[in-house]
Amino acid sequence: MIQEQQGLFCPVYRAIGVLQEKWVLHIVRSLLGGPKGFNELARAIGGCNSATLTQRLEGLEGLGIISKATDQETQGKLARSIYALTPAGQELQQVIGAIGEWADLHLSEEESLKATQCAS
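Basis of the calculations
- Residues numbered from 1 in each chain as written.
- Predicted model: local features only at pLDDT ≥ 70, side-chain atom pairs only at ≥ 80, totals over all residues.
- Heavy atoms only, no water.
- Pairing = 2+ DSSP bridges.
- Helix = DSSP H or I, 4+ residues; strand = E, 2+ residues; numbered from the N terminus.
- Expected span 1.5 Å × (residues − 1).
- Buried < 20%, exposed > 50% of the residue type's maximum accessible area, 1.4 Å probe, protein only.
- Arc of directions from axis to C-beta.
- Core = buried A, V, L, I, M, F, W, Y, C linked by side-chain atoms within 4.5 Å.
- Contact = heavy atoms within 4.5 Å.
- Salt bridge = Lys/Arg side-chain N within 4 Å of Asp/Glu carboxyl O.

A few words now on the sheet that holds strand β2 (residues 66-70). Strand pairing in a sheet is mediated by backbone hydrogen bonds. Such pairs are either parallel or antiparallel. Strand order in the open sheet formed by three strands is β1-β3-β2, with antiparallel pairing between adjacent strands. At either end of the open sheet lies a strand with only one pairing partner, and these are β1 (36-37) and β2. As paired strands, β1 and strand β3 (residues 81-85) are joined by two bridges and run antiparallel to one another. Within β3, the position partnered with Gly37 by the bridge is Ile82.

Right, here's the structure in full:
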């Protein structure tokens with residue numbers, strides 16, 4: 001296991017700690033398609049409760065992986081939060097692509113189908 005050795009910081013260990021949190025990679029993968037409002041994002045990743053999604057979004061924003069903007073109030077509708085990937089978040093496309101390539105090589109078609117259904 002990769003970990004801190006002799007007091008040295010290991011960036012891989014830290015990155016795994018961030019990315020292994022439930023829903024984080026689903027959020028990033030969804031935002032690779034472009035900015036989304038909270039409800040649109042919740043529908044896109046499916047199955048994540050609002051409190052957890054809020055917590056993950058705040059954490060990712062704090063890490064500089066996503067940004068949050070607010071739409072102006074229009075036609076009597078309340079302003080809404082819009083989430084988008086920052087340049088650092090966009091760079092995770094390579095990570096997600098590598099996971100996809102690995103899955104294509106090593107997961108059976110049935111396992112890949114189950115994973116796709118869970119992630120949609």
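Right, let's talk about helix α6 (residues 92-106) for a bit. Here α6 is 15 residues long and its end C-alpha atoms lie 21 Å apart, about the 21 Å a rise of 1.5 Å per residue gives. Of all the residues in α6, the buried ones are Leu92, Ile96 and Ala103. Taken around the axis of α6, the buried residues stretch over an arc of 40°, which confines them to a single face. When the buried face of α6 is taken as reference, the exposed residues oriented beyond 90 degrees from it are Gln94, Glu101, Asp104 and Leu105.

Attention now goes to the nonpolar core. Among the nonpolar cores identified, the biggest contains 19 residues, and Ile27 and Ile66 are the most heavily contacted of them. Sorting the residues of this core by element identifies α1 (11-19), α2 (24-31), α3 (38-45), α4 (50-62), β3 and α6 as the ones contributing at least two each. With four residues, α2 is the single largest residue contributor to this core. Not counting residues up to four positions away in its chain, the partners in contact with Ile66 are Leu31, Leu57, Leu60, Glu61, Tyr83, Ala84, Leu85 and Thr86.

Where burial is concerned, most of β3 is hidden: four out of the five residues are buried. Bridge analysis of β2 against β3 gives five bridges, and the strand direction is antiparallel. Bridge pairing in β3 places Thr70 opposite Ser81.

In this structure, Leu85 sits in strand β3. Considering only alpha carbons, one finds Leu85 and Ser67, 18 residues apart in sequence, at a separation of 6.1 Å.

Tallying each qualifying case throughout the model produces two salt bridges. Between Asp71 and Arg80 there is a salt bridge, with its nearest N and O atoms 3.2 Å apart.

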